[in-house]
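# Reading the structure
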Amino acid sequence: MSGKVFGVALGPGDPELITVKALNCLKKSEKIYYPATQSSKGNQDSFSLVILKQLDVEEKKFIPINVPMSKDRSHAVKAYADLFLKVQKDVEEGKQVSVVSEGDISFFSTFSYLLEDFRKNSVDFEMIPGVPAFILGGSVGKLPLVTQNDKLLVAPDLENKPELKALLAQNQTVVLMKISKVREWIKEFIEESKLQFFYGEYLGTEKQFTCTDMDSLRDRQIPYFAILIFYGNK
Ligand SMILES: C[S@@+](CC[C@H](N)C(=O)[O-])C[C@H]1O[C@@H](n2cnc3c(N)ncnc32)[C@H](O)[C@@H]1O
């Protein structure tokens, strides 16, 4: 049998939100590589592993891809280069293996960093999509993301209020992800603009918290696994 690597989307957190195709692929895979961040003290953290452990898949197949928490991108680049070599060897040995990502597999996903090497080296691969966090946000918030001719824009972090204002002038819905710089000014922006919004952290998990009012958001520390959906220009 010839080997193949699958990029498998796990969905946003709720283990029932993985697709049947993705789960079947994980069951058939001999190895399952998952991304994990590693702090300077050596502690490992992986949202993907939390999801994986709730699925009906053998834990002995799980292998972490440790990416050190650092602003220096060279650590991540090395981690992905090492992962590529491992996966290439697996495929050459005729194995079926998976590399997983939380949410969707082509949407801000680790798997994207491997594609160029797979293509250049003729490594056979396939991608299995999944539910991204912001799509779950639309359902949990019970607020349709878009209807009719609405335009939706997804922005990974923004520098300042004018930037968000400009995006909201051109789109009915703006989704903010990978929030870090935004933390410093977003609450002020919401107070000033009085726009309708949905805030969701750890969506689909036991730690899920959501709100649509400023009183609930005001004193909240916004974590990395959080999104904000703005319903503007309607
Ligand atoms: C590297 S991106 C991964 C996106 C993911 N592949 C997807 O399809 O949603 C990480 C960002 O996605 C968002 N995110 C992912 N999962 C989430 C969840 N369960 N709840 C809230 N936000 C989430 C956060 O904004 C986080 O900073």
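Residues numbered from 1 in each chain as written. Predicted model: local features only at pLDDT ≥ 70, side-chain atom pairs only at ≥ 80, totals over all residues. Heavy atoms only, no water.

We note that the domain assignment places domain 1 (4-128) and domain 2 (133-231) within the protein. Opposite the 8 residues of domain 1 that make contact, domain 2 presents 11 residues. Overall, the association of domain 1 and domain 2 removes approximately 790 Å² of surface from exposure, summing both partners, and the carbon and sulfur fraction of that is 83%. Three residues stand out in domain 1 for area buried against domain 2, namely Phe 47, Phe 107 and Phe 108, and they jointly supply 60% of the buried area on that side. Here domain 1 is connected to domain 2 by 1 residue pair in polar contact (both at pLDDT 80 or more). When grouped by side-chain class, the residues that make up the side of domain 1 that touches domain 2 number 5 nonpolar, 1 polar and 2 charged. (Domains from an automatic or database assignment. Contact = heavy atoms within 4.5 Å. Buried area = accessible area lost by both parts, 1.4 Å probe. Polar contact = N/O pair within 3.5 Å; in protein donor to acceptor, adjacent residues only side chain to side chain. Nonpolar A, V, L, I, M, F, W, Y, C, P; charged D, E, K, R; others polar.)

As recorded in UniProt, the sites labelled "domain: Tetrapyrrole methylase" (unreviewed entry) are residues 4-209. In residues 4-209, the share of helix is 33% and the share of strand is 24%. The end C-alpha atoms are 38 Å apart. (UniProt positions renumbered as here; feature names shortened; annotations may be inferred. Helix = DSSP H or I, 4+ residues; strand = E, 2+ residues; numbered from the N terminus.)

Our focus in this paragraph is the site of the ligand. Not every one of the 18 residues close to the ligand is listed here, only the nearest: Pro 12, Asp 104, Phe 107, Tyr 224 and Ala 226. In this structure, Phe 107 approaches the ligand through a main-chain N or O atom, which is 2.7 Å from a nitrogen atom. Taking 570 Å² as the accessible area of the ligand by itself, protein coverage stands at 96%. Residues belonging to the shell around the ligand are distributed by class as follows: 13 nonpolar, 2 polar and 3 charged. When residues of the shell around the ligand are assigned to domains, at least three map to each of domain 1 (4-128) and domain 2 (133-231). (Near = heavy atom within 4 Å. Areas by Shrake-Rupley, 256 points an atom, 1.4 Å probe, with all protein chains shown as cover.)

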